[in-house]
Amino acid sequence: MLKPSLIAAAALAASVAQAQPAAGYPKIVPSPGGHVVIHSPGAQRNYDAYKFAPARRAGDFLYISGVIAGPYGKPPTDHAAFTEQVRGAFRSIDQMLKADGATFADVVMINTFHVWDGPGFKGTRDEQFAAFAKAKDEFMPPPHPAWTAVGTTGLLADDGVVEIQMIAYAPRKK
């Protein structure tokens, strides 16, 4: 049985995006109704070890698994640091979208899961949400997608602050 902390560490490592995709990535794995998108070596390790797709196309939709933003066991936990952690998560999501020929403009739904009172962010709920929204807006200008933000008591990563899941409508190119 895998320890949740090991799974969380691998998930966090995979969510930290590199500026350029690694050699051999992205990989596309055929699946019923579409395919799986594996955008980085870290995402490949998670796919193999923990059996989840970082992103999966089904018909005209691309479903992006949750990407966690947080301090990854390292201080600081202030607003500026958190904003940069969210940017890193959005860069990872950007890689997944681009790997399948989509952009943030194709995103129709965001689900975010926020730990308002956890160890990964020092500040109020409103301050956390404002820092998150600031980084999100750098990647996602109007028109805005639908968005549900849910408060929770914890994520798989002990110091995770927010997990970001997206759905993009990006019709297949014929």
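Note that this is a predicted model, so its numbers are computed, not measured.

K.L.:
Any chance you could explain the side chain of Arg57 here in plain terms?
P.N.:
Looking at where Arg57 falls in the secondary structure, it is placed in strand β3 (residues 55–58). Given a relative accessible area of 4%, Arg57 falls into the buried group. A distance of 2.8 Å separates a polar side-chain atom of Arg57 from the backbone oxygen of Gly59.

K.L.:
Looking at this structure, how should I read the packing of aromatic side chains?
P.N.:
When we look at a pair of aromatic rings, we describe it by the centre distance and by the angle of the planes. Within the structure shown, the criterion is met by nine aromatic pairs. With centroids separated by 5.1 Å and ring planes inclined at 55 degrees, the aromatic side chains of Phe61 and Tyr169 adopt a geometry described as tilted. Of the two residues, Phe61 is situated in strand β4 (residues 61–69) and Tyr169 in strand β7 (residues 162–169); the sequence distance between them amounts to 108 residues. When the centroid spacing of 5.8 Å and the interplanar angle of 65 degrees are considered together, the rings of Phe104 and Phe139 count as edge-to-face. With Phe104 in the loop between α3 (79–99) and β5 (107–115) and Phe139 in helix α4 (residues 125–139), the pair connects residues that are 35 residues apart, well separated along the chain. With a relative accessible area of 9%, Phe104 lands in the buried category. What links up through ring pairs into an aromatic cluster is the set Phe90, Phe104, Phe129, Phe132, Phe139 and Trp147. The ring centre of Trp116 lies 6.0 Å from the NZ or CZ of Arg125, which sits over that ring.

K.L.:
Sorry, what's going on with helix α2 (residues 41–50) here?
P.N.:
Every α-helix carries 3.6 residues per turn, so stepping three or four residues along brings you back to the same face. Listing the buried residues of α2 in full gives Gly42, Ala43, Gln44 and Asn46. Positive backbone phi, approximately 65 degrees, marks Lys51, located one or two places after α2.

K.L.:
Explanation requested: the environment of Ala53 in the structure shown.
P.N.:
Turning to its location among the elements, Ala53 is positioned in the loop between α2 and β3. C-alpha separation for the pair Ala53 and Val29, spaced 24 residues apart in sequence, amounts to 9.8 Å. Every residue in contact with Ala53, bar those within four places of it in the chain, is listed here: Val36, Tyr47 and Ser65.

K.L.:
In this structure, what is going on with the sheet that holds β4? I would like to understand it.
P.N.:
Adjacent strands of a sheet form backbone hydrogen bonds with each other and so pair up, either parallel or antiparallel. The strand order across the open sheet formed by seven strands is β1-β2-β3-β4-β7-β5-β6, and the pairing between neighbours is mixed. Since the sheet does not close on itself, it has two edges, and those belong to β1 (27–31) and β6 (146–152), each with one partner. The sheet shows a mean angle of 15 degrees between the axes of neighbouring strands, taken without regard to direction. Alignment of strand β2 (residues 34–38) against β3, held across four bridges, turns out to be antiparallel. Counterpart to Gly34 in the pairing with β3 is Ala58. This element, α2, spans β1 and β2 of the sheet and lies at about 120 degrees to β2. Contacts between α4 and the sheet are confined to β5, β6 and β7, with β5 contributing the most and set at about 150 degrees to the helix.

The rules we used
Residue positions are counted from 1 within each chain, in the order its sequence is given. Reporting of local features is limited, given that this is a predicted model, to residues whose pLDDT is at least 70; pairs of side-chain atoms are given and counted only at 80 or more, and all residues count toward the totals for whole chains, interfaces and linings. Side-chain measures here rest on the full set of heavy atoms in the structure, leaving out hydrogens and waters. Going along the chain from the N terminus, every DSSP run of H or I of four or more residues is numbered as a helix, and every run of E of two or more is numbered as a strand. The cut-offs for exposure are 20% and 50% of the maximum accessible area for each residue type, with area from a 1.4 Å probe on protein chains only; residues under the lower value are buried, those over the upper are exposed, and the others partly exposed. N or O atoms within 3.5 Å of each other form a polar contact, as long as, within protein, one can give a hydrogen and the other can take it, and as long as residues adjacent in sequence are counted only when both atoms are side-chain atoms. Under the pairing criterion, centres of Phe, Tyr and Trp rings, with the six-membered ring standing for Trp, must be within 6.5 Å; the plane angle then separates stacked pairs below 30 degrees from edge-to-face pairs above 60, leaving the rest tilted. Here, over-ring charges are defined by two tests on the NZ atom of lysine or the CZ atom of arginine: distance to the ring centre within 6 Å, and angle to the ring normal within 35 degrees. Throughout, a residue-residue contact means that at least one pair of heavy atoms, one from each residue, lies within 4.5 Å. The criterion for strand pairing is that DSSP finds at least two bridges linking the strands in question. The angle between two axes is taken between their N-to-C directions and runs from 0 to 180 degrees, where each axis is a line fitted to C-alpha atoms and a helix contributes only its stretch in contact.

By themselves these figures say nothing about function.
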